[in-house]
Amino acid sequence: MQAAHANAETAKVPVIRIDHEVPKSRLQIGLMVAAGIVVVGAGALTIGVISANRSVSPRFDDVAMVVPVNNPAPAANSSAAAANSSGAVEVSVGVNAETDRVLTARVYDEVAASLPRIQAVTAYGMREGSGMFVTDEGHIATSTSLIADAEYILAWTEDGQRWKADVVASDSVSDVAIVHIDSSAWPAVSLATNIPWNGQQALALDHEDRSISLGEITSVSSPLVEIDQPAALPGSAIVDDTGAVIAMVTADDTNRHAIPSWMLEQVVVDLIAYGSTTHVWLGAVVADTVSGDMVSVEQVVAGSPAALAGVREGDLIDSFNGDPVFDAASLHRRVQAAEPGAEAVLSVTRNASRRLIVATLVELPS
């Protein structure tokens, strides 16, 4: 089944409008991919944005190897300036205490009403997290793992009200769920259109202190965004200095990884409009290279589109359908822009010889 493709222009306005008549288009892959595309076998999921010597959440079985980032990001609270992809310069956290105070106060005023606290009551106790209103009709995006097996779910809004939330739909691959409250009083978040960059400010609502916490993005080369954000909880919106959501924190027992906004929007639209989403599969785990202008294939899953097309371990991929591939995240985005059944033309270097490999993408096996 195909999935709806969200219009990027919705990030310009404070509400995602769902046209139930819009035809479904591109599919999303969510958070799988060890620093690369996707590895799934009989329920096993490759996920991560962390180095091979660090652990990931035990809820993912048979996690395949994950490749470390080659270009470390600046340390949190660095006073260095980070340039984004458009050439603009953003000053990192901690440059000036008064500037930070003004910034956090302004962002709090802009986003607090859109970011409810989420509590999931289970047979084993209470889980605490966060969420974000993604429509003006009471739809909240949060973490699937946070609300899993909950006997009931509560959403606490900025004014202290407690609302019973009902599950609309959820996706375990991306760890995105939609819950709904019976209220249209809360404004939806805006979603950022730009791709995050290393060193970018990562702000989050601290529900305990009713304030905005300053943090920083520490890696963007893998499909998940890595963050250093002390207030992050599963389902937390990570926002930029304009209050636009750049990512949502996933529940992987670290609170350091987040799904980027472009992926979040696609999954959210599918879940609200269709009740489910579908994911595209290539079946190769890749690592960044020192040169930064290609990726190295670390593993090919038997029977996957990559394997059937002849992709081998050690291959160097530098383009996907003519678009450049310079890290795992860029290849991930290329795959997710395609449809199941579409042909993906990979430019590959093997043993110093360049060749083209054509892989037919498929729907991710369940």
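Residues numbered from 1 in each chain as written. Predicted model: local features only at pLDDT ≥ 70, side-chain atom pairs only at ≥ 80, totals over all residues. Heavy atoms only, no water.

### Things to note about the pattern of salt bridges
Within this structure, the stated rule accounts for seven salt bridges. In this structure, R101 and E98 form a salt bridge, with 2.6 Å as the shortest nitrogen-oxygen distance. Placement of the pair is R101 and E98 together in helix 1 (residues 97-111), with a separation of three residues, close to one helical turn. Take R101: its relative accessible area is 49%, and that puts it in the partly exposed class. By relative accessible area, E98 is classed as partly exposed at 43%. In this structure, a network of salt bridges that share partners links the residues R117, E128 and E208. (Salt bridge = Lys/Arg side-chain N within 4 Å of Asp/Glu carboxyl O. Helix = DSSP H or I, 4+ residues; strand = E, 2+ residues; numbered from the N terminus. Buried < 20%, exposed > 50% of the residue type's maximum accessible area, 1.4 Å probe, protein only.)

### Some words on empty space enclosed by the protein
This structure, assessed with the given rule, holds two cavities of 30 Å³ or more. Taken as a whole, the largest cavity encloses approximately 80 Å³ of empty space. Around the largest cavity sit I195, P196, V220, S222, P223, L224, V225, P260, W262, A329, H332 and R333, which together line it. In terms of residue class, the lining of the largest cavity is made up of nine nonpolar, two polar and one charged. (1 Å grid on protein atoms, 1.4 Å probe; cavity = no way out; pocket = protein on both sides within 12 Å on 5 of 7 lines; lining within 4 Å. Points joined across faces, edges and corners; volume = space filled by probe spheres on them. Nonpolar A, V, L, I, M, F, W, Y, C, P; charged D, E, K, R; others polar.)

### Points about the packing of aromatic side chains
All chains considered together, the criterion is met by one aromatic pair. Ring geometry for F133 and W186: centres 6.4 Å apart, planes at 15°, overall stacked. Linking F133 in strand 7 (residues 132-133) with W186 in the loop between strand 11 (176-180) and strand 12 (201-206), this pair joins segments that are 53 residues apart in sequence. (Phe/Tyr/Trp six-rings, centres within 6.5 Å; stacked < 30°, edge-to-face > 60°.)

### Brief notes about the pairing of strand 10 (residues 162-171)
The side chains of a regular strand alternate between the sheet's two faces. Sheet topology note: the strand 9 (residues 152-156)/strand 10 ladder contains four bridges and is antiparallel. By the bridge assignment, L154 is partnered in strand 10 with K164. Counting the residues between successive antiparallel strands, the hairpin from strand 9 to strand 10 contains five residues, one of them, G160, with a positive phi of roughly 90°. As paired elements, strand 10 and strand 11 share five bridges and run antiparallel to each other. Counterpart to D166 in the pairing with strand 11 is H180. What sits between the antiparallel neighbours strand 10 and strand 11 is a turn of four residues, in which D175 has the positive phi angle 65°. (Pairing = 2+ DSSP bridges.)

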